[in-house]
Amino acid sequence: MRLSQSFGKTLREDPADADTNSHRLLVKAGFINQLFAGVYSYLPLALKSLKKIENIIREEMDLAGAQEILLPTLQPEDIWQKSGRLDAFGDTLFRLKDRRDRDLVLGPTHEEVVSQLVTGHIRSYRDLPVNLYQIQTKLRDEARPRAGLIRVREFAMKDAYSFHADQNDLDKTYDRMVRAYRSIFARCGLNVRAVEADSGAIGGKDSQEFILLADTGEDEIVLCDSCDYAANMEKAESNIDNIIDDSKDGLKEIETPGVKTIDALSKKFGVSKSKILKSVAYIVEGTMVLVMIRGDLDVNETKLSNYLGAQDLRIASDVELKERGLVPGFMSPVGLDGVRIVADPSIDAQTDLIVGANKEDYHYTGARHKVDFLIEELVDLNRVQQGDKCIKCGGSLKIERGIEVGHVFKLGTKFSDTFGATFLDSDGIEKSMIMGCYGIGVGRILGAIVESNHDEKGIVFPKTISPAQIIIVALNNDDITVRDAANQLYETLVERGIETILDDRDESPGVKFADADLIGIPVRATVSARSLRNGNTVEMKKRTDANNESINISLDDVKTIIETII
RNA sequence: CGGAGCGUGGCGCAGUCUGGUAGCGCACUACACUGGGGGUGUAGGGGUCGUAGGUUCGAAUCCUAUCGCUCCGACCA
């Protein structure tokens, strides 16, 4: 590609509305252009990189035994009604009507469609397993698109769906897909970690996310510093030391005027927060649920939402508390009736606790679970904190941020049951297919690559993803001998199958060097009057080399030039 | 959906407080010079100041409404 003729321009100044590095650089280097919130046009350079990512994904998927198909974007609303995900997706679903007034949606994902497809095509265990994938545009009306390509509303995604006769077979394919994913990310030059993930209210059992650790990421990741435990915060667990204290002073009501917070109680009584019971009231799909957890811990709302099987969950307001006879700041499970209470096992400590008294300005001391109050629903609701102990090895946990670039999970039979995706097994019994699904965001990978491969001058592409393998910078393009030499080198390389960019613009040397660095092509070849005088050579420099580092190679020595590139 | 910020040529911005009919840098066009890290000069073209109302002799500027974009949070099979 000749830069003088290619569409898309580099910018001299940073775009004003791009905060993250990948967003800023992709716009500045002329890769992408925003149409409106979360929707981008991909210009020639971006498309070259995206196609490379897609091809790596295709190769690895084919190798893993998956077959490429293409499913429709336009989908009837009723299959979403049927799967129960019309509500689950809610406003994230783009909805429209056709001319006959039929309700349609633009596909945010394809479990429904593929389940329906498979239902009609597979009747016997002999046809299983089957693993289907596609690379296709997904549409999701995200509440808040952000960070350029990291979260968008229209994006290319590779999604794969596998169907199995039994769990064991799913496990095998799942593992194979995990290996394929690791290989994909490695080939894209991304140092990605697999972490345990929450599969959501509608998901299945096992689930892993592939996360690129990055400060600009949206996900919080819990990592152990001494073993391989890694989990998304939504799912992460930690070991909580139980407190045991044999002395028992009995329940006492104490006046605590204006002392409403865990902090204030801790100060007033001179005890650690772990000796205080924290009460948090939630409104869950219109009903109040009171959550109890030890004072030094926090509630993980994803865990709570999963346990309750509820989508809509928020902290209750003081007004809502008072309407139900609760006293904000002094809530308590002691003597409370008529409100559902759920508690984290940490409250089951064998020690005296300070709890509210359900009346203004009073607390109890000496309260104990199973003695002074009883909570039947005990379930892990703890939100892991920095420095907590690892549940696998006891090591120290740390919290980092990351970008989710892939997600795999075992769906089970939820969709098969709904869509009647059944088969006749070898024992003559009709069964539901067991399903797995596997997703990778193609555009998000490009964003993630730039996010983790750049310096102060611009993008530093890995060879495998770069829009081209080499950029030839022709300095002093007016000079016919330079122009001819650069052109000839360009044509030779292109003939040999090397993806080459020729900067044949009439720009000053500084501009060309700066743009070559900004675009991030791995190797730069400078052809100039100077290099021609210097034994008819070209100066080769890697993007990662310092400015003045370069080697001279004779223009006739095409073999060495190519070896330097690949 | 809550909170904050911002909408002025293609891009980055000033002007808004204190109303007087739009300016700077980059980019673009032409010519000349220059030629190894965003070079120089001369001459140009391009903007209903997000939109709609209102106040006023007069609105980019004041008032009201509305739309959009970004960031933080909530949300995110």
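All values reported here derive from a predicted model rather than from experimental measurement.

**Quick notes on the confidence of the model for chain A**
Argument step 1. Looking at chain A as a whole, the pLDDT averages 88, with 98% of positions reaching at least 70.
Argument step 2. By mean pLDDT, helix H9 (residues 318–323) is the weakest element of chain A at 72, and strand S3 (residues 67–68) is the strongest at 97.
Argument step 3. Across the assembled chains, the prediction reports ipTM 0.91 with pTM 0.89.

**Considering the protein's contact with RNA strand B**
Argument step 1. Around RNA strand B sit 45 residues in total, of which Arg144, Arg151, Asp517, Ser528 and Glu539 are the nearest.
Argument step 2. Across the atoms of RNA strand B situated within 4 Å of the protein, the share located in sugar and phosphate is 50%.
Argument step 3. One of the side-chain nitrogen or oxygen atoms of Arg12 is found 3.1 Å away from a phosphate oxygen of RNA strand B.
Argument step 4. At 3.4 Å, a side-chain N or O of Arg85 approaches a base nitrogen of RNA strand B.
Argument step 5. Within the residue set of the surface near RNA strand B, elements represented by two or more residues are strand S1 (32–36), helix H4 (85–89), strand S25 (397–412), helix H13 (509–519), strand S33 (523–527) and helix H14 (529–533).
Argument step 6. For the surface near RNA strand B, the element with the most residues is H13, which contributes seven residues.
Argument step 7. Among the residues making up the surface near RNA strand B, the classes are represented as 15 nonpolar, 10 polar and 20 charged.

**Structural notes on the packing of aromatic side chains**
Here the distance between the centres and the angle between the planes together describe a pair of aromatic rings.
Argument step 1. Applying the stated criterion across every chain, the model contains five aromatic pairs.
Argument step 2. Ring geometry for Tyr181 and Phe185: centres 6.0 Å apart, planes at 85°, overall edge-to-face. Remark: Phe185 and Tyr181 occur in helix H6 (residues 167–187); sequence separation between them is four residues, near one turn of the helix.
Argument step 3. A network of ring pairs unites the aromatic residues Tyr181, Phe185 and Phe210 as a single cluster.
Argument step 4. Over the face of the ring belonging to Tyr174 we find Lys410, whose NZ or CZ atom lies 4.6 Å from the ring centre.

**A closer look at the pairing of strand S5 (residues 94–97)**
Argument step 1. In this sheet, strand S6 (residues 103–106) lies alongside S5 in antiparallel orientation, the contact comprising four bridges. Bridging across to S6, Lys97 finds its partner in Asp103.
Argument step 2. Here S5 folds back onto S6 in antiparallel fashion, the turn holding five residues, of which Asp101 has a positive phi close to 75°.

**As for helix H2 (residues 44–63)**
Argument step 1. With 20 residues, H2 extends 29 Å between its outermost C-alpha atoms, agreeing within 8% with the 28 Å of an ideal straight helix rising 1.5 Å per residue.
Argument step 2. Buried residues of H2: Leu45, Ala46, Ser49, Leu50, Lys52, Ile53, Glu54, Ile56, Ile57, Glu60 and Met61, and no others.
Argument step 3. Where H2 terminates, the next one or two residues include Gly65, which has phi positive at roughly 90°.

**Remarks on the sheet that holds strand S18 (residues 313–315)**
Argument step 1. Strands sit in the order S18-S15-S16-S19-S22 across an open sheet of five strands; the sheet is mixed. The sheet is open, and its two edges are formed by S18 and strand S22 (377–378), each paired on a single side.
Argument step 2. Sheet contacts for helix H8 (residues 301–308): strand S15 (277–284), strand S16 (287–294), S18, strand S19 (340–343) and S22; angle to S18, the most-contacted strand, approximately 130°.

**Looking at the pairing of strand S7 (residues 130–139)**
Argument step 1. In terms of burial, S7 is largely enclosed, as nine of its 10 residues are buried.
Argument step 2. With two bridges connecting them, S3 and S7 associate as parallel partners. Bridging from a neighbouring strand, Gln67 pairs with Leu132 of S7.
Argument step 3. As judged from the 10 bridges shared by S7 and strand S8 (residues 154–164), these two strands associate in the antiparallel manner. In the strand pairing of S8, Lys138 is matched with Phe155.

**As for the domain arrangement of chain A**
Often, the extent of an interface is quoted as the loss of accessible area on bringing the components together.
Argument step 1. Taken domain by domain, chain A holds domain 1 (21–236 + 399–450), domain 2 (252–378) and domain 3 (468–565).
Argument step 2. Put simply, the middle of domain 1 and the middle of domain 3, counted by C-alpha atoms, are 40 Å apart.
Argument step 3. Carbon and sulfur atoms make up 73% of the area that domain 1 and domain 3 hide from each other, which totals about 440 Å².
Argument step 4. Per-residue buried area on domain 1 facing domain 3 is highest for Ala29, Leu45 and Lys52; these three make up 65% of the total on that side.
Argument step 5. Our count for the contact surface shared by domain 1 and domain 3 stands at one salt bridge.

**Regarding the state of the cysteines**
Argument step 1. A full pass over the atoms with the stated rule returns zero disulfides.
Argument step 2. We note that Cys224 lacks a disulfide partner, and the nearest cysteine sulfur, in Cys393, lies 3.5 Å from it.
Argument step 3. You can call Cys224 buried: its relative accessible area is 5%.

**So, the side chain of Lys541**
Argument step 1. The topology assignment puts Lys541 in strand S34 (residues 537–542).
Argument step 2. Asp517 provides the closest opposite charge to the buried, salt-bridge-free Lys541, at an N-O distance of 4.5 Å.
Argument step 3. Separated by 3.3 Å, the side chain of Lys541 and the backbone oxygen of Asp545 make a polar contact.

**Some points on the packing of helix H1 (residues 21–28) against helix H11 (residues 442–452)**
Argument step 1. It is at 8 Å that the axes of H1 and H11 come closest, and there the two elements cross at 100°. On the basis of their axis angle, the class for H1 and H11 is roughly perpendicular. Taking contact as the criterion, the partners of Asn21, Ser22, Leu25 and Leu26 in H1 are, on H11, Leu446, Gly447, Val450 and Glu451.

About the thresholds
- Residues numbered from 1 in each chain as written.
- Chains lettered and ligands numbered in written order.
- Predicted model: local features only at pLDDT ≥ 70, side-chain atom pairs only at ≥ 80, totals over all residues.
- Heavy atoms only, no water.
- pLDDT = per-residue confidence, 0-100.
- Helix = DSSP H or I, 4+ residues; strand = E, 2+ residues; numbered from the N terminus.
- Near = heavy atom within 4 Å.
- Polar contact = N/O pair within 3.5 Å; in protein donor to acceptor, adjacent residues only side chain to side chain.
- Nonpolar A, V, L, I, M, F, W, Y, C, P; charged D, E, K, R; others polar.
- Phe/Tyr/Trp six-rings, centres within 6.5 Å; stacked < 30°, edge-to-face > 60°.
- Lys NZ or Arg CZ within 6 Å of the ring centre and 35° of its normal.
- Pairing = 2+ DSSP bridges.
- Expected span 1.5 Å × (residues − 1).
- Buried < 20%, exposed > 50% of the residue type's maximum accessible area, 1.4 Å probe, protein only.
- Contact = heavy atoms within 4.5 Å.
- Axes fitted to C-alpha atoms, helices over the stretch in contact; angles between N-to-C directions.
- Domains from an automatic or database assignment.
- Buried area = accessible area lost by both parts, 1.4 Å probe.
- Salt bridge = Lys/Arg side-chain N within 4 Å of Asp/Glu carboxyl O.
- Disulfide = S-S within 2.5 Å.
- Lys, Arg positive; Asp, Glu negative; His and termini not counted.
- Parallel < 35°, antiparallel > 145°, perpendicular 65-115°, else oblique.

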